[in-house]
Amino acid sequence: DIQMTQSPSAISASVGDRVTITCRASQDIRHYLAWFQQKPGQVPKRLIYTASTLQSGVPSRFSGSASGTEFTLTISSLQPEDVATYYCLQHHDYPRTFGQGTKVDIK
Amino acid sequence: QVQLQQWGAGLLKPSETLSLTCGVVGGSFSAYSCSWIRQPPGKGLEWVGEYSYSGTITYNSSLMGRVSISMDTSQKQLSLTLTSVTAADTATYFCTRGWGYWGQGSLVIVSS
């Protein structure tokens, strides 16, 4: 199975800060990686697909990048409405696997 | 506007069978890979299985022998069956089409 190691598990930052979340895949997953945002009590929402493509309607402060098997989600300027848990997902191979999640809140 | 709507029993006793259905409104599942995902209370997301765009079905091996996913002939309803449930199967279950559209989630509680 492909393991997705996501870090950090939690981050507390100030409004306007740049926030970076990383997922490292245990093997090559090409660019079959998506990022999701899940607010408490809500359904996961896709932010990024194919590692760096911004989902329509998602604010441009969110971006994704890839370098080999390391994938990064960046929030360029953290906003109060970004408080949520973020997950990465690889869908290159079976079983599909998620990262453990990163809980983002406001300092 | 595509919407996924889920339904099924939410309270089960141990050893019973979980049965959920996901219907698509404003489109179909045709040509998309569709998955079931579950999330135990307070925990992360776990992939349960997938009905691929080609009709291939793949399951999480941790559930092998208990899980079944099917699609109706109209390609508008995706079903999940999980037999012999235990408390460990208590979770919110989501369906997804192509990872971009998600159902509202179905909380399934297994308790005697």
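Residues numbered from 1 in each chain as written. Chains lettered and ligands numbered in written order. Predicted model: local features only at pLDDT ≥ 70, side-chain atom pairs only at ≥ 80, totals over all residues. Heavy atoms only, no water.

J.: For the overall build of chain B, give the residues involved together with the corresponding values.
T.: Counting secondary structure elements, chain B contains zero helices and eleven strands. The secondary structure elements of chain B, listed N-terminal to C-terminal, are β-β-β-β-β-β-β-β-β-β-β. Computed over the C-alpha atoms, the radius of gyration of chain B is 13 Å, within 12% of the 13 Å expected from 2.2 N^0.38 for a compact globule of 112 residues. Expressed as lengths along the three principal axes of its C-alpha atoms, the size of chain B is roughly 40 × 25 × 25 Å. Here chain B holds 112 residues, and the buried ones make up 45% of them. At a minimum sequence separation of 6, the contacts of chain B that also span at least 24 residues come to 51%. When the accessible surface of chain B is split by element, carbon and sulfur atoms take 50% of a total near 5100 Å². If you average the places of the 6 positive and of the 5 negative side-chain charges in chain B, the two averages end up 4 Å apart. (Helix = DSSP H or I, 4+ residues; strand = E, 2+ residues; numbered from the N terminus. Rg over C-alpha atoms; globule rule 2.2 N^0.38 Å. Buried < 20%, exposed > 50% of the residue type's maximum accessible area, 1.4 Å probe, protein only. Contact = heavy atoms within 4.5 Å. Areas by Shrake-Rupley, 256 points an atom, 1.4 Å probe, with all protein chains shown as cover. Lys, Arg positive; Asp, Glu negative; His and termini not counted. Charge placed at Lys NZ, Arg CZ, Asp CG, Glu CD.)

J.: Break down the nonpolar core for me, citing the residues and quoting the values.
T.: Side chains of nonpolar character tend, in soluble globular proteins, to be buried together. All names here are of chain B. The biggest cluster of nonpolar side chains holds 25 residues, and the ones touching the most others in it are Leu18, Phe29, Trp36, Leu78, Leu80 and Tyr93. Every element with two or more residues in this core is listed here: strand 3 (18-25), strand 4 (34-39), strand 5 (46-51), strand 7 (67-71), strand 8 (77-82), strand 9 (91-97) and strand 11 (106-110). Residue contributions to this core peak at four residues, all from strand 3. (Core = buried A, V, L, I, M, F, W, Y, C linked by side-chain atoms within 4.5 Å.)

J.: Lay out the side chain of Thr96 of chain B in plain terms, naming residues and giving numbers.
T.: All names here are of chain B. By the element assignment, Thr96 lies in strand 9. By relative accessible area, which is 1% here, Thr96 ends up buried. From its side chain, Thr96 meets the backbone nitrogen of Trp99 in a polar contact 3.2 Å long. Ignoring anything within four residues of it in the chain, the contact list for Thr96 reads Leu4, Ser33, Cys34, Ser35, Ile37, Tyr101 and Trp102. (Polar contact = N/O pair within 3.5 Å; in protein donor to acceptor, adjacent residues only side chain to side chain.)

J.: Let's hear about the interface of chain B and chain A: which residues, and what values?
T.: How big an interface is tends to be reported as the loss of accessible area on association of its parts. Each partner contributes residues to the interface: chain B has 17 residues there, and chain A has twelve residues. Between chain B and chain A lies a buried interface of about 1300 Å² when both sides are counted; carbon and sulfur atoms form 67% of it. The tally of links from chain B across to chain A stands at one salt bridge. Among the salt bridges present, the one from Glu50 of chain B reaches Arg96 of chain A, with a minimum N-O distance of 3.0 Å. Between chain B and chain A we count five residue pairs in polar contact (both at pLDDT 80 or more) in total. Every element with two or more residues in the side of chain B that touches chain A is listed here: strand 4 and strand 5 of chain B. (Buried area = accessible area lost by both parts, 1.4 Å probe. Salt bridge = Lys/Arg side-chain N within 4 Å of Asp/Glu carboxyl O.)

J.: Let's hear about the sheet that holds strand 1 (residues 3-8) of chain B: which residues, and what values?
T.: All names here are of chain B. One open sheet holds the four strands; their spatial order is 1-3-8-7, and the pairing between them is antiparallel. The sheet is open, and its two borders are formed by strand 1 and strand 7, each paired with just one other strand. Across the sheet, the mean angle from the axis of one strand to that of its neighbour is 15°, orientation sign disregarded. Judged from the six bridges that link them, strand 1 and strand 3 form a sheet pairing that is antiparallel. Residue pairing in the sheet places Gln3 in a bridge with Val25 of strand 3. (Pairing = 2+ DSSP bridges. Axes fitted to C-alpha atoms, helices over the stretch in contact; angles between N-to-C directions.)

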